[in-house]
Amino acid sequence: MEKKNRYKNRVSLFMIVRLALGGGLLLGTGGGFVLVRNQHVISGNEIGFLENEITACEQEIELWELRIAAVRDRHELSRRLRWVQSDLAEIDLSRVIEIEPGGRADGPVASAY
């Protein structure tokens, strides 16, 4: 003999829909959190890469500034010219002519404006 109505508290269709909707909501919230977190990590990695690139550019700029400063120094320039065996001759300071700046000219001045 088999009883037809064996379970008194059956799970209704409404309860199944509510559980599926709640599970879907939790799944969507978790998936959204993971996607947002991954985007933050990717953005952080890009920012770190760009910061490293900026640091490398700053070091290169500093190196070029040091090279320019070295070339602007007269003694360093003459040492460098001797080192590369340049054909340029040293400047004799007794033959250098200094020109004094003159007074202001009262003539018309060309202007771009």
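Scroll up to find the structure this text is about.
A brief report on the enclosed structure follows.

What to know about the overall build of the chain
Logical step 1: Summing up its helical and strand segments, the chain has 2 helices and 0 strands in all.
Logical step 2: Going through the 113 residues of the chain one by one, you find that 1% of them count as buried.
Logical step 3: As presented, the chain carries roughly 12100 Å² of accessible surface, and 60% of it is formed by carbon and sulfur atoms.

Here we look at the packing of aromatic side chains
Logical step 1: Under the criterion given, the structure shown has 0 aromatic pairs.
Logical step 2: A cation over an aromatic ring shows up here: arginine 67 above the ring of tryptophan 64, its NZ or CZ 4.9 Å from the ring centre.

A short note on unusual backbone geometry
Logical step 1: For glutamine 85, which is not glycine, the phi torsion reads 55 degrees and is therefore positive.
Logical step 2: With respect to the helices and strands, glutamine 85 occurs in the segment after helix H2 (74-83).

Quick word on the packing of helix H1 (residues 13-72) against H2
Logical step 1: Where H1 contacts H2, the axes come no closer than 5 Å and their chain directions differ by 90 degrees. Overall, the two elements H1 and H2 adopt an arrangement that is roughly perpendicular. For the pair H1 and H2, the contacting residues are Ala70, Val71 and Arg72 in the first and Arg74, Glu76, Leu77 and Arg80 in the second.
Logical step 2: A class-by-class count of the residues in the contact of H1 with H2 yields 3 nonpolar, no polar and 4 charged.

Calculation criteria
Residues numbered from 1 in each chain as written. Predicted model: local features only at pLDDT ≥ 70, side-chain atom pairs only at ≥ 80, totals over all residues. Heavy atoms only, no water. Helix = DSSP H or I, 4+ residues; strand = E, 2+ residues; numbered from the N terminus. Buried < 20%, exposed > 50% of the residue type's maximum accessible area, 1.4 Å probe, protein only. Areas by Shrake-Rupley, 256 points an atom, 1.4 Å probe, with all protein chains shown as cover. Phe/Tyr/Trp six-rings, centres within 6.5 Å; stacked < 30°, edge-to-face > 60°. Lys NZ or Arg CZ within 6 Å of the ring centre and 35° of its normal. Axes fitted to C-alpha atoms, helices over the stretch in contact; angles between N-to-C directions. Parallel < 35°, antiparallel > 145°, perpendicular 65-115°, else oblique. Contact = heavy atoms within 4.5 Å. Nonpolar A, V, L, I, M, F, W, Y, C, P; charged D, E, K, R; others polar.

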